[in-house]
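Observations on chain architecture
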Amino acid sequence: VRHFDKPPFLFWMMAVSFSLFGVNEFAARLPNVLLLLGITFLVTRMASRHAGAQAGLYSGLAFSCSIGTY
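The rules behind each value
- Residues numbered from 1 in each chain as written.
- Predicted model: local features only at pLDDT ≥ 70, side-chain atom pairs only at ≥ 80, totals over all residues.
- Heavy atoms only, no water.
- Helix = DSSP H or I, 4+ residues; strand = E, 2+ residues; numbered from the N terminus.
- Buried < 20%, exposed > 50% of the residue type's maximum accessible area, 1.4 Å probe, protein only.
- Polar contact = N/O pair within 3.5 Å; in protein donor to acceptor, adjacent residues only side chain to side chain.
- Contact = heavy atoms within 4.5 Å.
- Expected span 1.5 Å × (residues − 1).
- Arc of directions from axis to C-beta.
- Axes fitted to C-alpha atoms, helices over the stretch in contact; angles between N-to-C directions.
- Parallel < 35°, antiparallel > 145°, perpendicular 65-115°, else oblique.
- Left-handed = near helix turned anticlockwise from the far one by under 90°.
- Nonpolar A, V, L, I, M, F, W, Y, C, P; charged D, E, K, R; others polar.

**Regarding the side chain of T40**
Position of T40 relative to the elements: it lies in helix 2 (residues 25-51). We classify T40 as buried; its relative accessible area is 14%. Polar side-chain contacts of T40 include one of 2.7 Å to the backbone oxygen of L36. Ignoring sequence-local partners within four residues, the contact set of T40 consists of G60, F63 and S64.

Structure follows, in structure tokens:
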């Protein structure tokens, strides 16, 4: 079955995770969590460079608490 709703990089990361940890729920969710943490870090860093450290912290918190970021 071809899946066009998600980028292939996520499936590649899931395949690596499955090979490392076995086929289980933890291994299936780990790539999503790692990508979310990375994007949150980038949002925080970009906002802190643009508007200051406090704005960066608030924007990172707001992004990570937003619906649909997972």
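Anyway, onward from the coordinates.
**A short note on helix 1 (residues 8-21)**
An ideal rise of 1.5 Å per residue puts 20 Å on 14 residues; helix 1 measures up with 20 Å between its terminal C-alpha atoms. Looking only at helix 1, the buried set comprises L10, M13, M14 and S17. Summarising the axial view, the buried residues of helix 1 lie within an arc of 100 degrees, below the 170-degree limit, and thus occupy one face. The exposed residues of helix 1 that point more than 90 degrees off its buried face are W12 and S19. Structurally, helix 1 contributes buried residues whose contacts are with helix 2.

**Quick notes on the packing of helix 1 against helix 2**
Between helix 1 and helix 2, the shortest axis-to-axis distance is 8 Å and the interhelical angle comes to 130 degrees. Between helix 1 and helix 2, the crossing angle belongs to the class labelled oblique. The way helix 1 lies across helix 2 gives a crossing that is right-handed. Along its contact with helix 1, which presents F9, L10, M13, M14, S17, F18 and F21, the element helix 2 presents F26, A27, A28, L30, P31, N32 and L35. Here the contact of helix 1 with helix 2 is composed, by residue class, of twelve nonpolar, two polar and no charged.

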